[in-house]
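# Results of the structural survey
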Amino acid sequence: LNVDITWVDGEFDPEKQRNQIESVLNRNWDFCCFQAVQIDSLAGAVKKLKQRGVPVISMDTLLVSMDQMRDSGVWLEVTPDQVFMGEQSTQYLMEKINGKGKVIHIGGLSAHSGAVGRQQGFDKVLAKYPNVYLKVTHRPIEQSMKGKATPETFLGKAVKEFGAERMMWGSNFPAAPETLPELIAMARKALSFLPQADQDCIFYKTALKLYPALAKK
């Protein structure tokens, strides 16, 4: 096809990705196609490309909010219906386990519009299955503190849709790099916005309901 392609990988690090893009902005491009690690992280770079007349295409996750795309220099957004994807895949899994079980949702970057959409689809389906419980580990907690999202906007949505009485904190120790006390402190800080009753459910009451033997220890 006589086409030269330059590919850079930000490795899920918004700052690294931004630095990589900034370092090649002055080259001669026919167009640029970006899959941002998080929304707005490449907004400055996109505006510089607009000033040079270089078209920019956004893939999978929004580079900027939809109402700012044209002004920022984003020509179009190429993405699937993320909410639908989350709904369909989760519905399939729920049917395979007959609507009963303990489910771990790993999640993605909280400032990644694709991950947010799939989370919405996931929460929507699981809300229909009262016998399914959601384990909250350090991964979604860590990601809820990055970018423009906060634990309240990200985890609060899950609590609202799913219910704290069906959520349970899990340390993921020793797979997580942090120590157990650090993991506990991280989770308590992130979920401190919740009413105490909801915190109690997530940190121990749901676990006691699922594992009654724990109450004897």
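You'll find the structure just up there.
Summary of the structure given here.

### Let's talk about the nonpolar core
- Core analysis: the biggest nonpolar cluster contains 28 residues, and Met-94, Leu-126, Val-132, Ile-141, Met-167, Trp-169 and Ile-202 have the highest contact counts within it.
- Discounting residues that sit within four places of it in the chain, Leu-126 has contacts with Thr-90, Met-94, Val-103, Val-132, Phe-162 and Arg-166.
- Counting 18 residues, the second largest nonpolar core, distinct from the first, contains Leu-25, Leu-49, Leu-62 and Leu-63.

### Some thoughts on the sheet that holds strand β5 (residues 132-136)
- Strand order across the open sheet formed by 3 strands is β4-β5-β6, with parallel pairing between neighbours. Taken across any chain shown, the strands that pair with only one partner, and hence form the sheet edges, are β4 (101-104) and β6 (167-169). The sheet shows a mean angle of 30 degrees between the axes of neighbouring strands, direction not considered.
- Note that β4 and β5 share 4 bridges and pair parallel. Bridging from a neighbouring strand, Ile-104 pairs with Lys-135 of β5.

### Thoughts on the state of the cysteines
- Going through the model one piece at a time under the given rule, you end up with 0 disulfides.
- In this model Cys-32 remains outside any disulfide bridge; the closest cysteine sulfur is found in Cys-33, 8.9 Å from its own.
- Classification of Cys-32 by relative accessible area gives buried; the value is 7%.

### Structural notes on helix α4 (residues 82-96)
- The first and last C-alpha atoms of α4 sit 21 Å apart over 15 residues, in line with the 21 Å expected at 1.5 Å per residue.
- Among all positions in α4, only Gln-82, Gly-86, Glu-87, Thr-90, Gln-91 and Met-94 are buried. The buried residues of α4 occupy one face: seen down the axis, they fall within an arc of 155 degrees. α4 presents Glu-95 and Lys-96 as exposed residues on the side facing more than 90 degrees away from its buried surface.
- Structurally, α4 contributes buried residues whose contacts are with β4, α5 (113-126) and β5.
- Measuring from the side-chain oxygen of the N-cap residue of α4 to the backbone nitrogen of Val-83 gives 3.3 Å; that N-cap residue is Asp-81.
- Asn-98, located one to two residues past α4, shows a positive phi value of around 60 degrees.

### A few points about the packing of aromatic side chains
- Scanning all chains against the criterion turns up 1 aromatic pair.
- For Arg-166, the ring lying beneath its charged end belongs to Phe-162, and the centroid distance is 4.2 Å.

### Structural notes on the pairing of β5
- Judged by how many residues are buried, β5 sits mostly within the fold: 4 of 5 residues are covered.
- Strand direction decides the pairing type here: β5 and β6, joined by 3 bridges, are parallel. Counterpart to Leu-134 in the pairing with β6 is Met-167.

### Observations regarding the sheet that holds strand β3 (residues 74-78)
- Read from one edge to the other, the open sheet built from 3 strands follows the order β1-β2-β3, with strand pairing classed as parallel. Either end of the sheet is taken by a strand with one partner, and the two such strands are β1 (32-34) and β3. Here the strands of the sheet are splayed against their neighbours by 25 degrees on average, with no regard to which way each runs.
- Pairing of β1 with strand β2 (residues 56-59), which is carried by 3 bridges, proceeds in the parallel orientation. For Cys-33, the partnering residue across the bridge sits in β2 and is Ile-57.
- Set on the sheet, helix α2 (residues 43-51) makes contact with β1, β2 and β3; between it and β1 the angle comes to about 165 degrees.

Quick notes on the rules
- Residues numbered from 1 in each chain as written.
- Predicted model: local features only at pLDDT ≥ 70, side-chain atom pairs only at ≥ 80, totals over all residues.
- Heavy atoms only, no water.
- Core = buried A, V, L, I, M, F, W, Y, C linked by side-chain atoms within 4.5 Å.
- Buried < 20%, exposed > 50% of the residue type's maximum accessible area, 1.4 Å probe, protein only.
- Contact = heavy atoms within 4.5 Å.
- Pairing = 2+ DSSP bridges.
- Helix = DSSP H or I, 4+ residues; strand = E, 2+ residues; numbered from the N terminus.
- Axes fitted to C-alpha atoms, helices over the stretch in contact; angles between N-to-C directions.
- Disulfide = S-S within 2.5 Å.
- Expected span 1.5 Å × (residues − 1).
- Arc of directions from axis to C-beta.
- Polar contact = N/O pair within 3.5 Å; in protein donor to acceptor, adjacent residues only side chain to side chain.
- Phe/Tyr/Trp six-rings, centres within 6.5 Å; stacked < 30°, edge-to-face > 60°.
- Lys NZ or Arg CZ within 6 Å of the ring centre and 35° of its normal.

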